[in-house]
Amino acid sequence: MRGGLAIEAKGLFKAFDGKTAVDGVDIAVPEGSIYGILGPNGAGKTTTIRMLLGIIDPDRGERTLLGYDEPIKAAPIVGYLPEERGLYPSMTTREVIAFMGALRGLPLEIGRQRAEGMLSQNGLGDYVNKPIKSLSKGMAQTVQLFGTIVHRPKLIVLDEPFSGLDAINQGRLESLIRAEAAEGTTVIFSTHVIAHAERLCERIAIIAGGRLRFEGKVAEARDRLRPQVRLRTRVEDGAWRNALPGNAVKTDGHFQFELPESGIEPLLKTLIDGGAGIEELSIERPGLHDAFVAIAGDAVAREMENSTRVEEQA
Amino acid sequence: MNDIFRAAWVICRRDFIATVYSRTFLIFLFAPILGVGFGYLIGQMTEESDREMGRPKVAIVAPVEVTDAMAAAHAPLVEALSERALPAIEPVLPEGDAQAQARALLASPESNVSAVMTGGLDRPIIYGAADTVGDLAKEMAVVVEAARNGSALQGAGLPAQKPEVTIVTTEQAGGDVNMGRHALARAGQTIIFFFTIILAGMLLSNLVEEKSSKVIEILAAAVPLDAVFLGKIMAMLAISMIGVTIWGTLGLAAVYLFQGVAGWLTPPAVGWPLYILLLIFYFAANYMLYGALFVGVGAQANSVREVQTLSMPITFGQLAFFALASATVGQNDVTMTLAAALFPLTSPLTMIALAAQSPSIWPHLLAIAWQLVCLFVIVRIATLMFRTTVLKSGKAGSFFGPFKSAFARK
């Protein structure tokens with residue numbers, strides 16, 4: 001493996017029928033990290049994932065998966081949950097999980113034992129011998145997730161894993177992802193819900209319109225925006241007001257402005273010396289959502305929000 | 001076991017269990033048996049009427065002594081030559097103008113005759129439709145000649161007597177052996193063709209389930225696509241072997257019950273044990289070659305409806321290849337036989353016919369190797385097509401790629 005990277009991709013390019021789907025995407029996923037690919041629907045996230053896994057080959061560019069140039073060679077140590085969930089409807093839950101493990105080289109008997117354990121521990125013990133077609137959509141999705149990790153892969157790739165899950169199951173999935181990462185497994189997932197990425201990821205890639213807009217640590221994305229200062233004073237006006245940055249605006253009795261380059265201390269001194277009477281002062285770090293808007297633009301952010309809303313309504 | 005075969009085995013096992021443990025598999029197993037049974041019953045019921053309807057009838061308009069002489073000559077000829085060799089005859093007493101009576105009989109559908117003969121044994125005249133009367137005239141001439149001979153012997157006061165032929169039996173007759181082997185060659189081809197056509201069609205729709213349930217994405221990410229195709233073909237071969245074993249056993253039992261097992265079949269040129277082994281192998285090879293093609297073609301389809309649309313031209317193709325392989329039986333045309341043996345979709349059929357007719361074993365060793373190469377080529381082409389057209393992967397990959405890594409030392 002090169003430099004501790006579970007996935008390394010450079011200049012991935014893919015077009016379908018002359019239409020560009022992914023255009024020059026670079027990704028570097030450190031081993032043992034939780035990595036998120038963010039973007040609205042149709043941004044090119046799934047195509048990127050499929051190229052990383054070798055389901056399709058890029059028209060241009062290179063990718064390395066767990067040190068292998070041919071991703072299929074890494075298949076026994078990779079788990080993949082596709083966006084479009086699919087299971088054989090007539091197979092029982094235990095057999096489906098064991099089969100998915102067997103595809104990745106796990107002996108069937110061990111797969112069956114692990115499947116029973118996973119199902120029982122997650123309140124699905126009664127469904128061990130039930131066919132997939134008898135399960136609810138959420139249950140079937142959980143079973144497929146178990147099939148994705150039953151062989152204890154070193155890298156788990158989840159394409160829109162939260163989609164279609166209720167809040168409780170979304171929480172469970174977040175816990176599972178954290179637990180896997182805690183054991184040293186690399187987890188990469190795509191999502192159009194920024195909150196999931198913000199809660200889980202150390203690094204993210206933001207893709208929109210097939211192009212990579214940002215790749216790096218979540219903190220780096222947030223650091224692209226200056227922290228916001230909120231200030232409330234007892235005195236309405238005075239010489240101290242000249243010390244506030246030019247972009248300061250007053251709403252609801254609060255002044256709001258970006259933290260000056262010089263930091264908060266010089267400003268505080270001026271406010272105190274000028275007798276402003278500080279009643280409230282807070283410095284807020286921008287969230288990933290704000291960073292996303294700044295990086296990808298308002299239009300893309302609105303698209304993301306719309307995707308989430310449509311899904312919630314569905 | 002290397003990765004590609006291990007993965008193929010996993011897929012094969014799943015498909016096999018999913019199919020064999022389903023209720024519909026019983027229908028699949030017993031439908032042909034019921035079909036053959038019903039066919040036999042209906043055949044028995046309709047055979048008699050078909051025999052009568054299918055045989056032309058000639059009305060003999062003549063006095064009783066003439067029609068009796070014709071009937072006396074007709075019966076032994078039919079016994080020796082078979083019923084279908086001669087038309088049936090029906091005596092009709094003359095009523096005035098013979099020509100008018102003949103035309104009236106032919107004009108009436110109730111009379112159910114194809115021709116009418118008048119003029120007795122001395123000056124026979126036959127009336128009938130232009131397209132059939134020529135043949136009927138030739139056949140009736142044989143009967144008239146026999147009747148004349150019978151009448152002549154009777155007129156001379158001599159009894160009509162068949163000449164006695166002494167029979168001396170030998171171990172074998174070369175002509176019979178050749179005929180028997182030709183029959184066996186065709187029987188072997190027909191068995192392989194029949195089982196392939198009824199079983200391999202299922203492979204057309206084999207990937208539709210994976211595509212519609214999106215399982216194909218999981219398979220394509222986990223194992224080489226060649227393993228998916230190979231596993232599916234192996235599973236269907238195993239399933240077909242269950243069918244073939246059951247149907248074959250029942251078929252042999254039926255033959256034993258109805259005809260006995262005494263030497264009614266000429267032994268094949270390579271001997272029975274090897275012939276049966278080759279029959280099994282060539283069936284498997286034929287099935288897998290067509291199966292690989294069908295899985296490949298079916299993989300391009302997005303729905304069962306598309307599969308159904310594809311199945312008819314494919315069946316016609318199979319019939320054409322069967323006809324080509326059948327044409328090689330008993331032929332001295334080496335070029336045609338070689339071409340049919342080399343073409344992958346006729347090779348197993350051609351070679352099983354050769355096993356019945358020629359004792360050489362080395363051509364079979366070559367053919368087996370060749371058919372395995374062809375299987376590899378078809379699976380690879382199907383896989384590459386699937387990657388480029390269905391998965392829309394820009395690069396189809398190297399033709400030998402997965403197999404190189406499959407055979408590579410770890």
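Residues numbered from 1 in each chain as written. Chains lettered and ligands numbered in written order. Predicted model: local features only at pLDDT ≥ 70, side-chain atom pairs only at ≥ 80, totals over all residues. Heavy atoms only, no water.

A. Inspection of the overall build of chain B at higher detail. A count of helices and strands for chain B gives 16 helices and 4 strands. Against the compact-globule benchmark of 22 Å for 410 residues, chain B has a radius of gyration of 30 Å, which places it well outside the compact range. Expressed along its principal axes, the backbone C-alpha trace of chain B runs to roughly 100 × 50 × 40 Å. In chain B, which comprises 410 residues, the share counted as buried stands at 39%. Here the analysis covers contacts within chain B between residues at least 6 apart in sequence; of these, 76% occur between residues at least 24 apart. Of the accessible surface of chain B, which amounts to about 22400 Å², a share of 66% is contributed by carbon and sulfur atoms. Each charge sign in chain B was given a centre, from 26 positive and 28 negative side chains, and these centres are 22 Å apart. (Helix = DSSP H or I, 4+ residues; strand = E, 2+ residues; numbered from the N terminus. Rg over C-alpha atoms; globule rule 2.2 N^0.38 Å. Buried < 20%, exposed > 50% of the residue type's maximum accessible area, 1.4 Å probe, protein only. Contact = heavy atoms within 4.5 Å. Areas by Shrake-Rupley, 256 points an atom, 1.4 Å probe, with all protein chains shown as cover. Lys, Arg positive; Asp, Glu negative; His and termini not counted. Charge placed at Lys NZ, Arg CZ, Asp CG, Glu CD.)

B. A look at the side chain of B:Asn286. All names here are of chain B. Structurally, asparagine 286 can be placed in helix H11 (residues 272-298). Residue asparagine 286 is classed as buried on the basis of its relative accessible area, which comes to 2%. When near neighbours in sequence (up to four residues on either side) are disregarded, asparagine 286 contacts Ile192, Thr196, Leu345, Pro348 and Leu349.

C. Spatial organisation of the domain arrangement of chain B. For chain B, the assigned domains read domain 1 (3-32 + 174-407) and domain 2 (56-155). Placing the centre of domain 1 of chain B and that of domain 2 of chain B at their C-alpha centroids yields a distance of 54 Å. (Domains from an automatic or database assignment.)

D. Here's a closer look at the packing of helix H2 (residues 93-103) of chain A against helix H9 (residues 215-222) of chain B. Axis separation between H2(A) and H9(B) bottoms out at 9 Å; the angle between their running directions is 30°. Every residue of H9(B) that contacts H2(A) at A:Phe99, A:Met100 and A:Leu103 is listed here: B:Ile218, B:Leu219 and B:Ala222. A per-class count over the contact of H2(A) with H9(B) returns 6 nonpolar, no polar and no charged. (Axes fitted to C-alpha atoms, helices over the stretch in contact; angles between N-to-C directions. Nonpolar A, V, L, I, M, F, W, Y, C, P; charged D, E, K, R; others polar.)

E. Geometry of the environment of B:Arg84. All names here are of chain B. Within the element layout of this structure, arginine 84 appears in the loop between helix H3 (64-81) and strand E2 (88-92). For arginine 84, a relative accessible area of 62% corresponds to the exposed category. A sequence separation of 255 residues divides arginine 84 from alanine 339, and the C-alpha atoms of the two residues are 38 Å apart.

F. Spatial organisation of a nonpolar patch on the surface. A cluster of nonpolar side chains, namely B:Leu26, B:Phe30, B:Leu34, B:Phe38, B:Leu41, B:Ile42 and B:Met45, defines an oily patch on the protein surface of about 770 Å² accessible area. Among the residues examined, B:Leu34 registers a relative accessible area of 51% and is labelled exposed. (Patch = residues over 30% accessible without salt bridge, like charges linked within 9 Å, V, L, I, M, F, W, Y side chains within 5 Å. Salt bridge = Lys/Arg side-chain N within 4 Å of Asp/Glu carboxyl O.)

G. A look at the pairing of strand E3 (residues 115-118) of chain B. Residue and element names in this part refer to chain B. Burial along E3 is two-sided: Ala115 and Met117 facing one way and Val116 and Thr118 facing the other are all buried. Sheet analysis places strand E1 (residues 57-61) next to E3, joined by 3 bridges and oriented parallel. Directly across from alanine 59, in E3, lies its bridge partner valine 116. The pairing of E3 with strand E4 (residues 125-128) spans 4 bridges and is antiparallel. Bridge pairing in E4 links threonine 118 to isoleucine 125. In this antiparallel pair of consecutive strands, E3 and E4, the connection spans 6 residues, and glycine 119 shows a positive phi of 90°. (Pairing = 2+ DSSP bridges.)

H. Fine view of the domain arrangement of chain A. Examined at the domain level, chain A breaks down into domain 1 (5-217) and domain 2 (228-284). A straight line from the C-alpha centre of domain 1 of chain A to that of domain 2 of chain A covers 47 Å.

I. Inspection of the interface of chain B and chain A at higher detail. Contacts between chain B and chain A engage 25 residues on the former and 30 residues on the latter. Across the chain B to chain A interface the summed buried area is about 2500 Å²; carbon plus sulfur atoms make up 61%. If you sort the residues of chain B by the area they bury against chain A, B:Arg14, B:Glu217 and B:Ile218 come out on top, with a joint share of 23%. At the surface where chain B touches chain A, the tally comes to 2 salt bridges. Run the count over chain B and chain A and you get 5 residue pairs in polar contact (both at pLDDT 80 or more). (Buried area = accessible area lost by both parts, 1.4 Å probe. Polar contact = N/O pair within 3.5 Å; in protein donor to acceptor, adjacent residues only side chain to side chain.)

J. Just the sheet that holds E4(B), in detail. Residues and elements named next belong to chain B. Strand order across the open sheet formed by 4 strands is E2-E1-E3-E4, with mixed pairing between neighbours. Each edge of the open sheet is held by one strand with a lone partner, namely E2 and E4. This sheet shows a mean twist of 25° between the axes of neighbouring strands, independent of strand direction. Contacting E1, E2, E3 and E4, helix H4 (residues 98-107) crosses the sheet at an angle of about 165° to E3.

K. Local environment of the pairing of strand E9 (residues 211-217) of chain A. All names here are of chain A. Alignment of strand E8 (residues 203-208) against E9, held across 6 bridges, turns out to be antiparallel. Bridging from a neighbouring strand, isoleucine 207 pairs with leucine 212 of E9. Hairpin geometry of E8 and E9 is characterised by an intervening segment of 2 residues between the two adjacent antiparallel strands and by a positive phi of about 60° at glycine 209.

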